[in-house]
Amino acid sequence: MRPPDSEGQAVAVFAALTDPTRRALLEELARGGPATVTDLARRLPVSRQAVAKHLGQLAEAGLISTGEPVGRRHPYRLEPAAIRTAQVWLARLANRWDDRLAALEHALDATDIDATDTNQGVAQP
């Protein structure tokens, strides 16, 4: 299986993070470490079935994975690589904006210099 491209991974992360329940699940895993569906359902005001559904979506986005099973219990844990990929994508986007803003600032500075030069040759009343 081919690894997802960084933009595709970032889109999957952003889509997964749009839901407040999924964000709460991530917070619980970050705070308490690996946990099962049942553990997470006890901590949040959400049914076990809803937790399982949301965990599946988080796993599809690469934000979590299933740890080693302990008997019939399957703990879920955070996977920081997906967040890092999204951060890198956002940083590249921010750099592009920074480059464009710097170019705009340079163009405006050049326009100000041209306007000053033009106004210096005009007699003031």
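Residues numbered from 1 in each chain as written. Predicted model: local features only at pLDDT ≥ 70, side-chain atom pairs only at ≥ 80, totals over all residues. Heavy atoms only, no water.

**Q** Would you mind showing me how to read the nonpolar core here?
**A** For soluble globular proteins, the rule of thumb is that nonpolar side chains tend to be buried together. Formed by 21 residues in total, the largest nonpolar core has its most connected members in L25, L40, V51, L55, L58, L63 and I64. Only α1 (6–17), α2 (20–32), α3 (37–43), α4 (48–60) and α5 (80–120) provide two or more residues apiece to this core. In contact with L55, other than residues within four places in its own chain, are L25, V37, L40, I64 and Y76. (Core = buried A, V, L, I, M, F, W, Y, C linked by side-chain atoms within 4.5 Å. Buried < 20%, exposed > 50% of the residue type's maximum accessible area, 1.4 Å probe, protein only. Helix = DSSP H or I, 4+ residues; strand = E, 2+ residues; numbered from the N terminus. Contact = heavy atoms within 4.5 Å.)

**Q** What am I meant to see in the environment of K53 here?
**A** Relative to the elements of secondary structure, K53 occurs in helix α4. Sequence spacing of K53 and V37 is 16 residues, and the spatial spacing of their C-alpha atoms is 9.7 Å.

**Q** How do you make sense of the packing of α2 against α4 when you look at a structure like this?
**A** Packed helix pairs are specified by the crossing angle of their axes together with the interaxial distance, meaning the distance between the axes. In the contact formed by α2 and α4, the axes pass within 10 Å of each other and the chain directions differ by 80°. Overall, the two elements α2 and α4 adopt an arrangement that is roughly perpendicular. Across the interface between the two elements, T21, R22, L25 and L26 from α2 touch V51, H54, L55, Q57 and L58 from α4. Within the contact of α2 with α4, the residues separate by chemical class into five nonpolar, three polar and one charged. (Axes fitted to C-alpha atoms, helices over the stretch in contact; angles between N-to-C directions. Parallel < 35°, antiparallel > 145°, perpendicular 65-115°, else oblique. Nonpolar A, V, L, I, M, F, W, Y, C, P; charged D, E, K, R; others polar.)

**Q** Mind showing me how you'd approach α1 here?
**A** Here α1 spans 16 Å end to end across 12 residues, near enough to the 16 Å set by a 1.5 Å rise per residue. Within α1, the full set of buried residues consists of Q9, A10, V13 and A16. Seen from one end, α1 has its buried residues packed into an arc of 130°, which puts them on one side. (Expected span 1.5 Å × (residues − 1). Arc of directions from axis to C-beta.)

**Q** Looking at this model, I keep getting lost on the pattern of salt bridges. Mind explaining?
**A** Where charged atoms of side chains with opposite charge meet at close range, the side chains can pair. Scanning the entire structure with this criterion turns up five salt bridges. Measuring nitrogen to oxygen at the nearest pair gives 2.7 Å for the salt bridge that ties E28 to R31. With E28 and R31 both in helix α2 and three residues apart, the pair spans about one turn of that helix. Owing to a relative accessible area of 13%, E28 belongs among the buried residues under this scheme. For R31, a relative accessible area of 60% gives the class exposed. Put simply, D39 and R42 hold a salt bridge, and the shortest N to O gap is 3.5 Å. (Salt bridge = Lys/Arg side-chain N within 4 Å of Asp/Glu carboxyl O.)

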